[in-house]
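Overview (structure and organization)
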Amino acid sequence: MDIISPDIPECQAFIDLVLLAEPGERIDPVDFPPVGSTIEAVTVDIMPDGELRLDATPSAVRSCK
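What you are looking at is a predicted structure, and each value in this text was computed from that prediction instead of being measured.

Scored by pLDDT, the protein chain comes out at a mean of 77, with 77% of its residues at no less than 70. Per-residue pLDDT, averaged within each element of the protein chain, yields its smallest value for strand S1 (residues 13-15) (67) and its largest for helix H1 (residues 58-63) (88).

What follows covers the pattern of salt bridges. Using the criterion set out here, one finds 1 salt bridge in the structure. The residue Asp28 makes a salt bridge to Arg26 at a minimum N-O spacing of 3.1 Å.

As a further point, take the pairing of strand S2 (residues 42-46). The pairing of S2 with strand S3 (residues 52-55) spans 4 bridges and is antiparallel. Residue pairing for S3: Val42 is matched across the bridge by Asp55.

Here is what the cut-offs are and how they apply
Position numbers for residues count from 1 along each chain, tracking the sequence in the order it is written. Per-residue local features of the predicted model are confined to residues with pLDDT of at least 70, and side-chain atom pairs are confined, for both listing and counting, to 80 or more; whole-chain, interface and lining totals are unaffected and use all residues. Excluded from the side-chain calculation are hydrogens and water; included are all heavy atoms of the structure. pLDDT: the predictor's confidence for each residue, scored from 0 to 100. Each helix is a run of DSSP H or I of at least 4 residues and each strand a run of E of at least 2, with the numbering of both proceeding from the N terminus. For salt bridges, the criterion is a side-chain nitrogen of Lys or Arg within 4 Å of an Asp or Glu carboxyl oxygen. DSSP bridges decide pairing: two strands pair if at least two such bridges lie between them.

Here it is, written out as structure tokens:
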């Protein structure tokens, strides 16, 4: 994983199932990107344990470009 911003050393990240598709769209486990895939996502929150929460919905990614 490459994190462009913010700079978080030794970070683990995850994307919630609901943050892979737009609201109202259904997503199933077969729709998950394969491990090792390159995807674009934006930061949602940094949890107290340092875990980074990400949003990969197309609208969230577009809003940051």
